[in-house]
Amino acid sequence: MTSEAMAGFVQMLFAGRQAVAGLPVPPVEVRRAGMEEAMAALPPLPGVTTRPVDAGGVPAEEVELESGGAAGTVLYLHGGGYYQGSVTTHRRLLTAICTAATTDGLNVGYRLAPEAPFPAAVDDALAAYRWLLASGRDPRRVVVAGDSAGGGLALALLLAIREAGDPLPAGAYLLSPWTDLAMTGASLEGRRAVDPMIDPDEMGTVVAWYVPDGDVRNPLVSPLFADLAGLPPLLVQVGAAEVLYDDSARLVASARAAGVEAELQEWEGAFHVFQAIVGLAPEADDAVARAGTWIAGRLR
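The present account deals with the structure reproduced in this document.

Cut-off values and rules
- Residues numbered from 1 in each chain as written.
- Predicted model: local features only at pLDDT ≥ 70, side-chain atom pairs only at ≥ 80, totals over all residues.
- Heavy atoms only, no water.
- Helix = DSSP H or I, 4+ residues; strand = E, 2+ residues; numbered from the N terminus.
- Rg over C-alpha atoms; globule rule 2.2 N^0.38 Å.
- Buried < 20%, exposed > 50% of the residue type's maximum accessible area, 1.4 Å probe, protein only.
- Areas by Shrake-Rupley, 256 points an atom, 1.4 Å probe, with all protein chains shown as cover.
- Lys, Arg positive; Asp, Glu negative; His and termini not counted.
- Charge placed at Lys NZ, Arg CZ, Asp CG, Glu CD.
- Pairing = 2+ DSSP bridges.
- Axes fitted to C-alpha atoms, helices over the stretch in contact; angles between N-to-C directions.
- Contact = heavy atoms within 4.5 Å.
- Phe/Tyr/Trp six-rings, centres within 6.5 Å; stacked < 30°, edge-to-face > 60°.
- Lys NZ or Arg CZ within 6 Å of the ring centre and 35° of its normal.

## Here's the deal with the overall build of the protein chain
No. 1: Each helix and strand counted, the protein chain has 9 helices and 8 strands in total.
No. 2: Taken over C-alpha atoms, the radius of gyration comes to 18 Å for the protein chain, in line with the 19 Å a tight globule of 300 residues would show.
No. 3: Taken along the three principal axes of its C-alpha coordinates, the protein chain extends 50 × 40 × 35 Å.
No. 4: Here the protein chain holds 300 residues, and 54% of them are scored as buried.
No. 5: Just so you have it, the protein chain exposes about 12000 Å², and 56% of that area is on carbon and sulfur atoms.
No. 6: The distance from the centre of the 20 positive side-chain charges to the centre of the 36 negative ones in the protein chain is 5 Å.

What follows is the structure in structure tokens.
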């Protein structure tokens, strides 16, 4: 059953969409500023210290538990459709994940489209991962994570690591990952009426920004179409009220068919990347706690 808190956020998000319905689509800069403002409005979470780092030429932020005793590192790739989002917008969520898993974190500020289209984000993610290992982290003590576009990027990173012959991390935690930029999932239409965040009609523009050459079935763009054999275990979380629901469900089915350990967890009435409201809704608290347990189990 959906909590009152979750229902309230869903209502607020629908109201926000209705308020801008019919208006011209704002430019990229305005969208980016809006995401920064929205995430800054959420109350900060204590328990970590952060510092900027140059992760192999990629701007990033290290997150360290104030209590110490970190069991490993979560390399995090933020969401935002490959054109918005930053280490700032996702600092709060990564703080919650690291606290739940008893890990440190690396929050990666990869380059964004349309200024830097594919494969810039994949190149940056791979550079940051290699920097992390070069700095002394054991890949068996690293879990890659990401939400939405960052979830798809996390999968693309795993594929790039595998193809390069680098050591793979211990696992990947994916929050509502965008795995199919060809947009073939039935849920794009089937769940349109219940999704308070994503309008499928706007997704084509975002895809064109990230993949101007149109090769949307490239496995590093849409990992749903990749050969997933040999990847480490995956934890995928998704809300039932998402047009991108099938991007998660089909991914898990494909991973299992390829012999990859993959778990799908879903929450009734929850919206896209609902974990971002951790501390404000029980569904988000439950999801982050379960992810923390899973990540800790991978790092034993």
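## Observations concerning the sheet that holds strand β2 (residues 58–65)
No. 1: On the basis of which strands lie adjacent, the open sheet formed by 8 strands has the order β1-β2-β4-β3-β5-β6-β7-β8 and mixed pairing. In the strand order of this sheet, the two ends are held by β1 (48–55) and β8 (262–267), each with one partner. Mean inter-strand twist for the sheet, computed between neighbouring axes without regard to direction, equals 20°.
No. 2: Here helix α3 (residues 91–101) sits on the sheet in contact with β1, β2, β3 (73–77), β4 (104–108) and β6 (171–175), set at roughly 155° to β4.

## Examining unusual backbone geometry
No. 1: Across the junction of alanine 113 and proline 114, the peptide omega takes the value 0°, indicating a cis bond.
No. 2: Omega for the bond connecting phenylalanine 118 with proline 119 falls within 30 degrees of zero, at 10°, which places this linkage in the cis form.
No. 3: Its place among the elements puts proline 119 in the loop between β4 and α4 (120–134).
No. 4: Backbone geometry places methionine 183, a non-glycine residue, at a positive phi of 55°.

## Let's talk about the packing of aromatic side chains
No. 1: If you walk through the whole model with that rule in mind, you get 5 aromatic pairs.
No. 2: Measuring from centroid to centroid gives 5.1 Å for tyrosine 83 and tryptophan 209, while their planes differ by 70°, and the two rings are edge-to-face. Of this pair, tyrosine 83 sits in the loop between β3 and α3 while tryptophan 209 sits in helix α7 (residues 200–210), and the two are 126 residues apart along the sequence.
No. 3: A relative accessible area of 7% places tyrosine 83 in the buried class.
No. 4: With a relative accessible area of 21%, tryptophan 209 lands in the partly exposed category.
No. 5: An aromatic cluster is built from Tyr82, Phe118, Trp178 and Tyr210, whose rings are joined through pairwise contacts.
No. 6: Across from the ring centre of tyrosine 245, 3.8 Å away, lies the NZ or CZ of arginine 191, which sits over that ring.
No. 7: Sitting above the plane of the phenylalanine 225 ring, arginine 217 keeps its charged end 4.5 Å from the centroid.

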